[in-house]
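Observations on chain architecture
If you want the building blocks of each chain, they are given just below.
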Amino acid sequence: MNNIQFIRPTSIQAACEALKNPGFMPVSGGSDLVVKIRNGLYPNLEGLVDIGDLSPLNLIRTDENRVIIGSGCTMSQIINDRLMQDYFPTLVKAASTVGAMQIRNSATIGGNVANASPAGDTIPALYSLEARVMITDGNNARKVPIEEFFLSPGKTKLEAGEIIEGFSLLFRKTRGEFLKLGERRAHAISKINMAVSTWNDGRDHWRIAMGSVAPTVLRCPEAEEYLEKCATIDDAAIDKAAELACNTAKPISDLRSTSAYRKKMAGVLLKRSLQALTK
Ligand SMILES: Cc1cc2nc3c(=O)[nH]c(=O)nc-3n(C[C@H](O)[C@H](O)[C@H](O)COP(=O)(O)OP(=O)(O)OC[C@H]3O[C@@H](n4cnc5c(N)ncnc54)[C@H](O)[C@@H]3O)c2cc1C
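The following refers to the structure shown. (Residues numbered from 1 in each chain as written. Predicted model: local features only at pLDDT ≥ 70, side-chain atom pairs only at ≥ 80, totals over all residues. Heavy atoms only, no water.)

**Considering the packing of aromatic side chains**
Overall, the coordinates contain four aromatic pairs when judged by the stated rule. Taken together, a centroid distance of 6.4 Å and an interplanar angle of 50° make the contact between Tyr 87 and Phe 88 tilted. The class for Tyr 87 is partly exposed, based on a relative accessible area of 25%. Judged by relative accessible area, which is 1%, Phe 88 ranks as buried. For the pair Phe 149 and Phe 150, a centre-to-centre distance of 5.2 Å together with 80° between the ring planes defines the contact as edge-to-face. Taking relative accessible area as the criterion, Phe 149 reaches 0% and is therefore assigned buried. A cation over a ring is seen here: Arg 172 above Trp 199, with NZ or CZ 3.7 Å from the ring centre. (Phe/Tyr/Trp six-rings, centres within 6.5 Å; stacked < 30°, edge-to-face > 60°. Buried < 20%, exposed > 50% of the residue type's maximum accessible area, 1.4 Å probe, protein only. Lys NZ or Arg CZ within 6 Å of the ring centre and 35° of its normal.)

**Here's the deal with the site of the ligand**
The local shell around the ligand holds 31 residues, among which Pro 26, Gly 29, Ser 31, Leu 33 and Thr 108 are the closest. Backbone polar atom of Leu 33 to an oxygen atom of the ligand: 2.7 Å apart, as the coordinates give it. Take Asp 121: an N or O atom from its side chain is 2.7 Å from a nitrogen atom of the ligand. Notes on the ligand: free accessible area 990 Å², of which the protein chains cover 87%. Elements supplying a minimum of two residues to the shell around the ligand: strand E2 (24–27), helix H6 (101–106), helix H7 (109–114) and strand E10 (163–170). Taken together, the residues of the shell around the ligand sort by class into 14 nonpolar, 14 polar and three charged. Both domains that furnish three or more residues to the shell around the ligand are identified here as domain 1 (5–50) and domain 2 (54–279). (Near = heavy atom within 4 Å. Polar contact = N/O pair within 3.5 Å; in protein donor to acceptor, adjacent residues only side chain to side chain. Areas by Shrake-Rupley, 256 points an atom, 1.4 Å probe, with all protein chains shown as cover. Helix = DSSP H or I, 4+ residues; strand = E, 2+ residues; numbered from the N terminus. Nonpolar A, V, L, I, M, F, W, Y, C, P; charged D, E, K, R; others polar. Domains from an automatic or database assignment.)

**Points about the nonpolar core**
Ile 78, Leu 91, Val 113 and Leu 126 are the most contacted members of the largest nonpolar core, which totals 36 residues. Secondary-structure elements contributing two or more residues to this core are strand E5 (66–70), helix H3 (75–80), helix H5 (89–96), H7, helix H8 (122–128), strand E6 (132–136), helix H9 (146–149) and E10. Grouped together as the second largest cluster of nonpolar side chains are 25 residues, Leu 181, Val 196, Cys 230 and Ile 233 included. (Core = buried A, V, L, I, M, F, W, Y, C linked by side-chain atoms within 4.5 Å.)

**Quick notes on the environment of Phe 178**
Along the chain, the position of Phe 178 falls in strand E11 (residues 175–181). On the basis of relative accessibility, which here comes to 4%, the residue Phe 178 falls in the buried class. The spacing of Phe 178 and Pro 89 is 89 residues in sequence and 8.6 Å in space, taken between C-alpha atoms.

**Some words on the sheet that holds strand E13 (residues 204–211)**
Sheet architecture is open: four strands sit in the order E11-E12-E13-E14, paired in antiparallel fashion. At either margin of the open sheet sits one strand with a lone partner, and together these are E11 and strand E14 (218–219). As defined by bridge partners, strand E12 (residues 192–200) adjoins E13 across eight bridges and the pair is classed as antiparallel. Within the sheet, the bridge partner assigned to Asn 193 lies in E13 and is Gly 211. On top of the sheet, H5 reaches E11 and E12; it is set at about 25° to E11, its chief contact. Across the sheet, helix H10 (residues 221–229) lies against E13 and E14, angled at about 160° from E13, the strand it touches most. (Pairing = 2+ DSSP bridges. Contact = heavy atoms within 4.5 Å. Axes fitted to C-alpha atoms, helices over the stretch in contact; angles between N-to-C directions.)

**Some details on the pairing of E13**
In terms of residue burial, E13 counts as a mostly covered element, since seven of its eight residues are buried. From the end of E12 to the start of E13, which pair antiparallel, there are three residues, and Gly 202 there has a positive phi angle of about 110°. Two elements, E13 and E14, share two bridges in a ladder whose sense is antiparallel. The residue of E14 that forms the bridge with Ala 209 is Arg 219. Counting the residues that bridge the hairpin from E13 to E14 gives six residues, and of these Ser 212 lies at a positive phi of roughly 70°.

Structure below.
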């Protein structure tokens, strides 16, 4: 890592300008990137642009009818934020499962999403909350629905010189659950994870998203539509929704788990989530 330039810009514009240099990458908490650099994954890296300290990026704020979570907000910040706890518990629960305390104190939500890992824990939560990814190149801003942001594992719609500025959520009270299965109960990468969010605006809405069951996070539209048509969500309805989630999952077998186990667990996690949310 000796010959890598390290730049600490004081504005988003300056950061994006620096990122236009070939071989330059943004770094936020560094919890993921530094490990990968040490492991030799970026042999052509020329410079790191530290965006972790840029104050507009590490704020949670409201903007009319939306809540903006800055990309530089750490997991701990999200977990401890009162508005997040009251309005978006799915995201708080997802952030609570990321690594151990030291990781949660440095890992940012922007880094978690930019990594584009199918196992990234905040991603299904953001899907279930219908988040929009706010992208900037320092001069121009655009918003992309999170479901359209990922191209494949590790690949996103971000272009050179662009960063994630934040995530925009509709300011509405939701309830939610986030569950993940890993090798251990804590401090483990997900074999499969699932986020379920629900809200009522005169009628009940359900949003279900799962990770590690396809190249990118998947929504479960069949299970969502089924639940929204149910007059009561009883045990039989939960079983049916769980079956639909199993059918949606298209997992692979890899080092962490088998395809068959992941598919079965998609149903189990949805069942547990719905039981918790309907009791
Ligand atoms: C021991 C350990 C345990 C972990 N456990 C978990 C876990 O349980 N669940 C989980 O989901 N992850 C886990 N991770 C992965 C990692 O901590 C998270 O993905 C973290 O959220 C990344 O955020 P960061 O700020 O540290 O990103 P960084 O390491 O700074 O950056 C990661 C990537 O995102 C890019 N990037 C960062 N910020 C932005 C931005 N604003 N705009 C555009 N690109 C950006 C960087 O260029 C880099 O490519 C773990 C990592 C470690 C080392």
